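So the chains spell out like this:
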Amino acid sequence: MTTTLHQRSGPRGSAVEDRPAVPPGFLSACPGYRSTALLDRLRATEYSYLDASGHVYLDYGGAGLPAQAQVTAHAERIGGRCFGNPHSQNPASAASTDLIERARIAVLAHFNAPPEEYAAIFTPNATGACRLIGEAYPFGPRSRLVLTWDNHNSVNGIREFARSHGATTRYVPFSSPELRVDDDAIGQALAQPGPRRAAWRVAAPSAPADRRRGLFAYPAQSNFSGVQHPLAWIQTAHEHGYDVLLDAAAYVPSNRLDLSLVKPDFVAVSWYKVFGYPTGVGCLIARREALGRLRRPWFAGGSVHIAGVQAGWHTLAADEARFEDGTVSFLQIPDLEAGLSWVNGIGIDLIHQRVTCLTGWLLDRLAALRHGNGAPMARIYGPADTRDRGGAVAFNLLDPRGRIIDERAVAQATAAAGISIRTGCFCNPGATEGAFNLTKADWHRALRGRARTMDQHLDLLGLPSLPLRASVGLASNLDDVERFLAFLELTYTDRVASSGGLSPRRGC
């Protein structure tokens, strides 16, 4: 029998008996941390595998971690009933269909998205959601794709669909060393006329679908720097006649997204980033009115209603099914209901408080690290405080002379110490370019050099390393951050940078 979250968290005092002493100044810097004690109890029960193995996990920007309760719920469900391919009317099929539809309802409820206004479409991940928009959006010579420099490659890739249909692509650069984008720059980019100006007309809410100017795509939270870009841009884009794709993959694990208040046309989510399990399941949450503007370039099993071979004819399935190709992951999708119940039982605001406190402490302590000569040990990319930012901290380590320590060397050392952080460009080239102040001229010069490997590209660009990223999440505690910082002090204080003996970089 499945127990409740509070039963599984154990007695109020049992989970914190062995917790290390709180470092001086922490509670005065973040008094709200006391209110997140439930997460310490859950760490000792539901996420005990971390401490049992001595693992310091600081890659929540890459993936969340599953609670033991989620895994147990999956095993109980699979072991207790027969489930089959949902594209039928037999009992096993009907059982799967029922749970899939329950998961849709749970997803919409989690985002407070009215079902009459929004649809939840299951995809393999946020990348799958972005590809669906890219391939089906009605780009053309009279339309535009507007992007921020700060975007995951799964969003950047949409520009290839736009290009193939003759649309104009415009990137909005960073406007500050904190890797933020100015509101006015967004407004100017959206207002800028495209080709064939006479054909443009800003669409009123009641305007025909073919009058939309194009698509504006940006992340609610940067997967690189943790910067949280304004949700108010959604309304700005609508006022200029654009549909909006909001990449929420990095944002929703520790922030509330209320789709009854902000109304992006399309939202991309990967559920493993929210609660770790299941992997291979994401969502495109879309306004039904905006879905009517999409034109799928192909059909597949599951997404087609009727198809003929001799006549070369087909009609797509109705509603969400027309966007779900093949057989959906019917043994995993029902696990979303358990995962959402788990997160909602804890409370997204409580998770947000924990993440904010730990991020602030990590930022402050990382910035304070010094070599024996007083030189800083770290260079942080992005905001130095917790205002409008999430739990990802991008940085590089520096030697006493200010040279960057190769990220590959740090990856080897942290792995050997049982510490999981992310190294590389994090699939966000625009943020990397902004962090290292790369220019278009730098790229032109590098591309003339005919580099064949990633290391050759970096040499031509003048980059001595790629960044590091530490990110906190639901199951993080203060001891994780302290152990990571202690490792950095012990390993890198007064250490001279060297890249000798490192394996070649394979890619981003």
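Below you will find a few notes about this structure.

Cut-offs applied
Residues numbered from 1 in each chain as written. Predicted model: local features only at pLDDT ≥ 70, side-chain atom pairs only at ≥ 80, totals over all residues. Heavy atoms only, no water. Core = buried A, V, L, I, M, F, W, Y, C linked by side-chain atoms within 4.5 Å. Buried < 20%, exposed > 50% of the residue type's maximum accessible area, 1.4 Å probe, protein only. Helix = DSSP H or I, 4+ residues; strand = E, 2+ residues; numbered from the N terminus. Contact = heavy atoms within 4.5 Å. Salt bridge = Lys/Arg side-chain N within 4 Å of Asp/Glu carboxyl O. Pairing = 2+ DSSP bridges. Axes fitted to C-alpha atoms, helices over the stretch in contact; angles between N-to-C directions. Phe/Tyr/Trp six-rings, centres within 6.5 Å; stacked < 30°, edge-to-face > 60°. Lys NZ or Arg CZ within 6 Å of the ring centre and 35° of its normal.

Of all hydrophobic cores here, the largest spans 118 residues; its most connected members are Val107, Phe111, Phe216, Leu257, Trp271 and Ile285. By residue number, the principal contributor to this core is helix 15 (residues 348-368), which donates ten residues. Residues within four places of valine 107 in sequence aside, it is in contact with Ala120, Phe122, Trp271, Cys283, Ile285, Leu336 and Leu340. In terms of nonpolar packing, the next biggest core, distinct from the first, is built from 28 residues, Ala126, Tyr137, Leu147 and Ala290 among them.

The next thing to look at is the pattern of salt bridges. Enumeration according to the criterion identifies 33 salt bridges in this entry. With a shortest N-O distance of 3.8 Å, arginine 387 and glutamate 178 are connected by a salt bridge. Taken together, the residues span a long stretch of sequence, with arginine 387 in the loop between strand 11 (378-381) and strand 12 (392-397) and glutamate 178 in the loop between strand 4 (168-172) and helix 10 (183-191) at a distance of 209 residues. Judged by its relative accessible area of 48%, arginine 387 falls in the partly exposed class. Note that arginine 408 and aspartate 406 form a salt bridge whose closest N and O atoms lie 2.8 Å from each other. Sharing partners across several salt bridges, the network here consists of Glu117, Arg212, Asp243, Lys263, Asp265, Arg287, Glu289 and Arg293.

Moving on to the sheet that holds strand 11. Spatially, 11-12-15-14 is the arrangement adopted by the four strands of the open sheet, whose pairing is antiparallel. Each of the sheet's edge strands pairs with one partner strand only, and the pair in question is strand 11 and strand 14 (422-423). The sheet contact formed by strand 12 and strand 15 (residues 468-471) spans four bridges and is antiparallel. Looking across to strand 15, one finds that alanine 394 is bridged to arginine 469. The sheet strands contacting helix 15 are strand 11, strand 12 and strand 15, and the helix crosses strand 12 at an angle near 15°.

To continue, consider the sheet that holds strand 5 (residues 214-219). Note on sheets: strands pair through backbone hydrogen bonds, and any given pair is parallel or antiparallel. Read from one edge to the other, the open sheet built from seven strands follows the order 2-8-7-6-5-3-4, with strand pairing classed as mixed. Each end of this open sheet is capped by a strand with a single partner; those strands are strand 2 (118-123) and strand 4. Between one strand axis and the next, the sheet turns through 20° on average, direction left out of account. Sheet topology note: the strand 5/strand 6 (residues 242-247) ladder contains six bridges and is parallel.

The subject of this paragraph is the packing of aromatic side chains. For the structure on display, the rule yields 15 aromatic pairs. Here the aromatic rings of phenylalanine 216 and tyrosine 218 are separated by 5.0 Å at their centres, their planes lie at 25°, and the arrangement is stacked. Taking the relative accessible area as the measure of exposure, phenylalanine 216 reaches 0% and is therefore buried. Sitting over the ring of phenylalanine 426, arginine 469 keeps its end group 4.9 Å from the ring centre.

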